[in-house]
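The chain contents come next:
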Amino acid sequence: MPDKTNETILILGGTREATELARDLVSANPGARIITSLAGRTKEPAPLAGEVRTGGFGGAEGLADYIRANGVTRLIDATHPFARQISLNAVEAARITGVALDIRTRNPWAREPGDDWIEVETLEAARDAIPPRARVLLALGSQHIGVFASREDVHFVVRMIDRPETPLDLHDHALVLGRPGDTAAVEAMLLVAHSITHIVCRNSGGPAAYAKIEAARQLGLPVIMVSRLK
Ligand code: NAP
């Protein structure tokens with residue numbers, strides 16, 4: 001990408017792709033101002049090239065104000081595909097300010113031969129699709145866990161980056177702290193160690209969380225996959 005010294009690029013981030021994009025843009029545009037915006041949900045986000053700002057803007061209007069106040073010349077939506085509100089705000093703020101919007105959100109994963117997916121549209125449907133007395137890897141953010149509280153018959157293994165501030169509202173569970181494994185082999189070890197029978201996750205797309213899907217395929221485990229809302 002050619003260097004445009006006067007550019008100010010605002011990346012709506014919070015994903016591995018956004019981190020890589022910031023790195024690439026900073027190295028390709030040494031004269032430009034590259035700002036990544038984070039919602040502030042993760043306590044210790046991965047280091048980012050360029051500037052970082054943290055916290056909500058106050059809706060589309062607030063984002064538009066930020067764009068104007070900082071002379072943003074390009075807005076890039078590299079947020080997580082399930083982060084729907086900020087993407088809607090980006091579209092509206094771009095409309096209000098006239099700034100160019102570049103949408104870089106990922107495509108969903110496609111089912112491959114050997115995948116045993118039970119596709120559902122909501123977390124409630126995912127909860128109801130879990131068979132009695134299953135042992136489930138619940139690969140979801142803490143804000144989505146409460147839905148599963150009524151499944152007292154199920155053993156849940158919950159993986160989270162940060163330790164939750166309040167105990168998880170789940171009857172029978174184990175907490176695994178850390179980021180998803182990079183390879184199917186690492187994910188398979190976790191699945192086997194906890195005698196997992198099912199995975200519940202959302203169809204986030206992208207490479208970062210895909211290793212568990214590959215591991216499930218190799219082990220012949222069903223995945224209860226929450227699709228993106230159309
Ligand atoms: P969301 O529901 O779309 O957004 C809720 C509100 O959070 C937005 O209205 C905005 O507040 C603020 N916000 C969201 N992303 C922001 C950002 N990058 N910079 C500044 N403010 C932001 O979003 P979410 O699902 O809570 O996700 C929050 C962040 O976590 C996103 O950056 C996303 O990329 C990342 N993330 C989300 C998921 C997921 O599963 N949803 C997974 C991994 C990472 P204001 O209206 O006040 O501006």
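It should be noted that the structure appears before, not after, this text.
In this text, all values refer to a predicted model and were calculated from it rather than measured experimentally.

The rules behind the values
- Residues numbered from 1 in each chain as written.
- Predicted model: local features only at pLDDT ≥ 70, side-chain atom pairs only at ≥ 80, totals over all residues.
- Heavy atoms only, no water.
- Near = heavy atom within 4 Å.
- Polar contact = N/O pair within 3.5 Å; in protein donor to acceptor, adjacent residues only side chain to side chain.
- Areas by Shrake-Rupley, 256 points an atom, 1.4 Å probe, with all protein chains shown as cover.
- Helix = DSSP H or I, 4+ residues; strand = E, 2+ residues; numbered from the N terminus.
- Nonpolar A, V, L, I, M, F, W, Y, C, P; charged D, E, K, R; others polar.
- Core = buried A, V, L, I, M, F, W, Y, C linked by side-chain atoms within 4.5 Å.
- Buried < 20%, exposed > 50% of the residue type's maximum accessible area, 1.4 Å probe, protein only.
- Contact = heavy atoms within 4.5 Å.
- Axes fitted to C-alpha atoms, helices over the stretch in contact; angles between N-to-C directions.
- Left-handed = near helix turned anticlockwise from the far one by under 90°.
- Pairing = 2+ DSSP bridges.
- Arc of directions from axis to C-beta.

Moving on to the site of the ligand. Near the ligand there are 22 residues, and of these G13, S37, R41, F57 and R202 occur at the shortest range. Within the backbone of G58, one N or O atom sits 2.8 Å away from an oxygen atom of the ligand. For the ligand, an oxygen atom lies 3.5 Å from a polar atom in the backbone of A83. Across the complex, the protein chains shield 77% of the 800 Å² of accessible surface that the ligand would expose by itself. When residues of the shell around the ligand are traced back to their parent elements, those giving at least two are β2 (33-38) and α3 (84-97). For the shell around the ligand, the element with the most residues is α3, which contributes four residues. Taken together, the residues of the shell around the ligand break down into six nonpolar, 12 polar and four charged.

Okay, the nonpolar core next. The biggest cluster of nonpolar side chains holds 20 residues, and the ones touching the most others in it are W109, L137, L191, I199, I213, V223 and M225. Going through the elements one at a time, α5 (184-193), β10 (198-202), α6 (211-219) and β11 (223-226) are the ones with two or more residues in this core. Of the residues forming this core, the biggest block, four residues, is contributed by α5. Apart from residues no more than four positions distant in its own chain, M225 is found in contact with W109, W117, I118, E119, V120, C201, R202, N203 and I213. With 19 residues, the next largest nonpolar core counts I145, F148, M160 and V200 among its residues.

Bringing the packing of α5 against α6 into the picture now. Running from N to C, α5 and α6 point in directions that differ by 65°, and their axes come no closer than 8 Å. Two packed elements cross with a definite hand, and for α5 against α6 that hand is right-handed. For the pair α5 and α6, contact is made by A184, E187, A188, L191 and V192 and by A211, K212, E214, A215, A216, Q218 and L219, respectively. Of the residues belonging to the contact of α5 with α6, the class tally is eight nonpolar, one polar and three charged.

Overall, parallel pairing links the six strands, which are arranged β6-β11-β10-β7-β8-β9 in an open sheet. Strand pairing shows two members of the sheet lacking a second neighbour, β6 (117-120) and β9 (172-177), which therefore form its edges. Recorded for the sheet is a direction-independent mean angle of 20° between the axes of neighbouring strands. Sheet topology note: the strand β7 (residues 135-139)/β10 ladder contains four bridges and is parallel. In the strand pairing of β10, L137 is matched with I199. In the packing of α6 onto the sheet, contacts are made with β6, β7, β8 (155-160), β10 and β11, and the angle to β10 comes to roughly 150°.

A word on unusual backbone geometry. Of note, the phi angle at R133 is positive, near 60°, even though the residue is not glycine. As for its placement among the helices and strands, R133 is situated in the loop between α4 (123-129) and β7. The phi angle at S195 is positive, at roughly 50°, despite the residue not being glycine. With respect to the helices and strands, S195 occurs in the loop between α5 and β10. Take S195: its relative accessible area is 44%, and that puts it in the partly exposed class.

To continue, consider α5. Along α5, the positions that sit buried rather than exposed are A184, E187, A188, L190 and L191. Looking straight down α5, one finds its buried side chains confined to an arc of 160°; they lie on one side. Along α5, the residues that are exposed and aim more than 90 degrees away from the buried face are A185, M189, V192 and A193.

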